Amino acid sequence: GIAVDDNGNVYIVDENRDKIRKINASGIINRIAGAGTGIFSGDGGDPLLANFTFPTGVAVDRKGRIYIADEANQRVRCIGCNVPSEIANIATIRIQKIVIFPNPTSSRFDVTLPSVLNEQVEYKIFDAMGKMLKQFVGQTNSQQSLELNAPSGLYYIQAVTSSRVFTEKLVVE
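Residues numbered from 1 in each chain as written. Predicted model: local features only at pLDDT ≥ 70, side-chain atom pairs only at ≥ 80, totals over all residues. Heavy atoms only, no water.

Caption draft 1: Geometry of the pairing of strand S2 (residues 10-14). In this sheet, S2 lies alongside strand S1 (residues 2-4) in antiparallel orientation, the contact comprising three bridges. Residue pairing in the sheet places Ala3 in a bridge with Tyr11 of S2. Counted along the chain from S1 to the antiparallel partner S2, the turn is five residues long, and its residue Gly8 has a positive phi close to 85°. Hairpin connection, S2 to strand S3 (residues 19-23): the antiparallel pair is bridged by four residues, and Asp18 has positive phi, about 55°. (Pairing = 2+ DSSP bridges. Helix = DSSP H or I, 4+ residues; strand = E, 2+ residues; numbered from the N terminus.)

Next comes the structure, spelled out in structure tokens:
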């Protein structure tokens, strides 16, 4: 991912090294975030000591806050979002989504709904026409191993908790 701020600074995601770099208007490149170890850590601290796992996107808002899509950790991380603060700290803006592995799949796959809450979740699998094919109950943060004996195509998994509904695509090959 690449972003440009109002001052002409360019922000680049170094996906393979788990770092974020900034090229200033003079062409000088500096690492602004990421220690490069490929794990999750560092919220509330120095962005240079923070760790990402496969960051894929970056954006900058008009106030200079830098948002980083930390894909494998399923989070949006933000530099400068801890307000009020004179120091640029890193924070997490949690993105909740259904995790399906592997996806695409042949028929067997695991599904998990990560959450800060431990609660019951009702999963439903639909075909592309909206017909429900399978329904089961699980817990958030708990991996469910499933088998879907269905022809190749696009399917949808819906996860329903007490307060939210999530939908994710599933590809069967």
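Having put the structure on the table, let's press on.
Caption draft 2: Expanded view of the pairing of strand S5 (residues 55-60). Pairing of S5 with strand S6 (residues 66-70), which is carried by five bridges, proceeds in the antiparallel orientation. In the strand pairing of S6, Pro55 is matched with Asp70. Here S5 folds back onto S6, and the loop between the two strands holds five residues, one of which, Gly64, carries a positive phi near 85°.

Caption draft 3: Quick look at the sheet that holds strand S11 (residues 120-127). In spatial order, the strands read S12-S11-S14-S15; together these four strands make up an open sheet with antiparallel pairing. Here the strands that pair on one side only, and so sit at the sheet edges, are strand S12 (132-139) and strand S15 (165-172). Geometrically, the sheet is characterised by an average inter-axis angle of 20° between neighbouring strands, direction not taken into account. Where S11 and strand S14 (residues 153-160) come together, six bridges link them in antiparallel fashion. Its bridge partner lying in S14, Glu122 is registered against Val160. (Axes fitted to C-alpha atoms, helices over the stretch in contact; angles between N-to-C directions.)

Caption draft 4: Expanded view of the sheet that holds strand S10 (residues 108-112). Strand order across the open sheet formed by three strands is S9-S10-S13, with antiparallel pairing between neighbours. Two strands bound the open sheet, and with one partner strand each, they are strand S9 (99-101) and strand S13 (144-147). Strand-to-strand twist across the sheet, computed as the mean angle between neighbouring axes with direction ignored, equals 30°. Here S10 runs beside S13; their pairing, made up of four bridges, is antiparallel. When the bridges of S13 are listed, Phe109 appears paired with Leu146.

Caption draft 5: Focus on the packing of aromatic side chains. As enumerated under the stated definition, the model contains one aromatic pair in all. Geometrically, the ring pair formed by Tyr123 and Phe136 is stacked, given 4.8 Å between the ring centres and 20° between the ring planes. Of this pair, Tyr123 sits in strand S11 while Phe136 is found in strand S12, placing the two residues 13 residues apart along the sequence. The lysine or arginine in question, Arg75, covers the ring of Phe40, its NZ or CZ lying 4.0 Å from the ring centre. (Phe/Tyr/Trp six-rings, centres within 6.5 Å; stacked < 30°, edge-to-face > 60°. Lys NZ or Arg CZ within 6 Å of the ring centre and 35° of its normal.)

Caption draft 6: Inspection of unusual backbone geometry at higher detail. Note that the residue after Phe101, namely Pro102, is joined by a cis bond; omega there is -10°. Residue position: Pro102 is located in the loop between S9 and S10. Look at the link from Asn103 to Pro104: it is a cis peptide, with omega at 15°. Of note, the phi angle at Phe54 is positive, near 55°, even though the residue is not glycine. You can call Phe54 partly exposed: its relative accessible area is 35%. (Buried < 20%, exposed > 50% of the residue type's maximum accessible area, 1.4 Å probe, protein only.)

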